[in-house]
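# Fold and geometry: a report
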Amino acid sequence: MRTAAETEVRRPSAVRALTALLAVTAAATVVVEVLNWWYAPEQGFGLAVRTGWAMLRSFGFLLLIGHVRRGRTVARPFGLILAVTTVFALGRLIVPRQGVPPLPGLLGFALLTALCATVVWLLYRSPALAGHLVRHRSRLVIDRSGISWRETPPRQPEASAWLLTARVAAFTYSPLMLVPALVATAAILDGQLLAVPAVLLWLGAGIATSYLVLFCTAFLLRGRSWAGTLLIVVTVAVLAVDLPLCWWLLGLDGLIRDGAPLIVAAVLTVYGIRRATHPTPT
């Protein structure tokens, strides 16, 4: 039986380097968000909600460490989406409504962007990591030998990377809708009662989206072509609901801060579906 120490030695050096880098990125996410909050000229309700959501991404990096150490194939798409949305989340926080961003915020944004870019580069460009991230998630399997919980590769391995990318990107729809919806509740607190139905619709749509995405991706990973089409329809519907509400309740500033990350996630989802269903000839 291999000991834990022997297992650690057998891991490629790139895996250990990426693990350390992810730990640093998780810590930097918290530090940069705290500094940005400290130096922000306006510390309102909206900034508090966005800052809290952005700081939760540090747990995402810790979760990514576990996927990398276990050699999971989901580490690549998860790391890509996490890095991109982290940069967008911080970028929309450091820019004030008026004036220029404070210097500590700009320096923190540059540092975190460099860290996230390095994470993505290692995940997709390191040959050692490409050979390590080959394991799929375990599932309950019932066969002639009985019932067991073991690793099960997808039925369409060539498309699995793009399908996983689309799946992970689509799962960000719900939180990316709920965060600006919570920010918009400040309008209700300010006495704008006409915003109550819109905010309730926004919150309901964000919750419903999570279930729709779960339904679509469950069949998408099983190779059902109609599931990809349905997920694209859901994507269009999400944009049709979220972007106008961002414009109406949060203004142009909210549309840029909260709509842009959702557009990026939507583009990655549609692109991942298209690449999975229409792979490039080799």
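Scroll up to find the structure.
Residues numbered from 1 in each chain as written. Predicted model: local features only at pLDDT ≥ 70, side-chain atom pairs only at ≥ 80, totals over all residues. Heavy atoms only, no water.

### Some details on the overall build of the protein
The number of helices and strands found in the protein is eleven helices and two strands. Taken from N to C terminus, the helices and strands of the protein fall in the order α-α-α-α-α-α-α-β-β-α-α-α-α. A buried classification covers 43% of the 282 residues belonging to the protein. Once local pairs closer than 6 in sequence are excluded, the contacts in the protein between residues at least 24 apart make up 69%. Carbon and sulfur atoms form 69% of the exposed surface of the protein, whose accessible area is close to 15000 Å². (Helix = DSSP H or I, 4+ residues; strand = E, 2+ residues; numbered from the N terminus. Buried < 20%, exposed > 50% of the residue type's maximum accessible area, 1.4 Å probe, protein only. Contact = heavy atoms within 4.5 Å. Areas by Shrake-Rupley, 256 points an atom, 1.4 Å probe, with all protein chains shown as cover.)

### With respect to a nonpolar patch on the surface
A cluster of nonpolar residues, F215, W226, L230 and V233, forms a patch on the protein surface that exposes about 350 Å² of accessible area. Looking at which element gives the most residues to the nonpolar patch, the answer is helix α11 (residues 225-277), with three residues. Looking at the secondary structure, you find V233 in helix α11. (Patch = residues over 30% accessible without salt bridge, like charges linked within 9 Å, V, L, I, M, F, W, Y side chains within 5 Å. Salt bridge = Lys/Arg side-chain N within 4 Å of Asp/Glu carboxyl O.)

### Remarks on the nonpolar core
Counting 32 residues, the largest nonpolar core has Y173, A184, W202, L220, L231, V238 and L249 as the members making the most contacts within it. Elements with a contribution of two residues or more to this core: α8 (157-170), α9 (173-189), α10 (195-220) and α11. Among the nonpolar cores identified, the runner-up in size contains 30 residues, and L21, I81, L115 and L122 belong to it. (Core = buried A, V, L, I, M, F, W, Y, C linked by side-chain atoms within 4.5 Å.)

### Some thoughts on the side chain of T185
The residue T185 is located in helix α9 in this model. Looking at T185, the relative accessible area reads 19%, which means it is buried. Reaching out from T185, the side chain makes a polar contact with the backbone oxygen of L182 at a distance of 2.3 Å. (Polar contact = N/O pair within 3.5 Å; in protein donor to acceptor, adjacent residues only side chain to side chain.)

### A few points about the side chain of D242
With respect to the element layout, D242 can be found in helix α11. By relative accessible area, D242 is classed as buried at 0%. Excluding residues that lie within four positions of it along the chain, D242 makes contacts with L176, M177, P180, W202, D258, G259 and L262.

### Things to note about helix α6 (residues 103-125)
The first and last C-alpha atoms of α6 sit 32 Å apart over 23 residues, in line with the 33 Å expected at 1.5 Å per residue. Among the residues making up α6, those that are buried are G105, G108, L112, L115, C116, V119, L122 and L123. (Expected span 1.5 Å × (residues − 1).)

### Let's talk about the packing of aromatic side chains
Enumeration over the complete set of coordinates arrives at three aromatic pairs. Seen in terms of ring centroids, F219 and W226 are 5.1 Å apart; in terms of plane orientation they differ by 45 degrees. Their pairing is tilted. Judged by its relative accessible area of 40%, W226 is partly exposed. Above the plane of the ring of Y124 lies R76, whose end atom (NZ or CZ) is 5.6 Å from the centre. (Phe/Tyr/Trp six-rings, centres within 6.5 Å; stacked < 30°, edge-to-face > 60°. Lys NZ or Arg CZ within 6 Å of the ring centre and 35° of its normal.)

### Points about the environment of P77
One can find P77 in helix α5 (residues 75-94). In contact with P77, other than residues within four places in its own chain, are Y124, L164, T165 and V168.

### Here's the deal with the environment of R76
Tracing the backbone shows R76 in helix α5. Judged by relative accessible area, R76 falls into the partly exposed class, the value being 24%. On a C-alpha basis, the gap between R76 and V120 in space is 7.9 Å, while along the polypeptide they are 44 residues apart. Apart from residues lying up to four places away in sequence, R76 is in contact with L123, Y124, A130 and L133.

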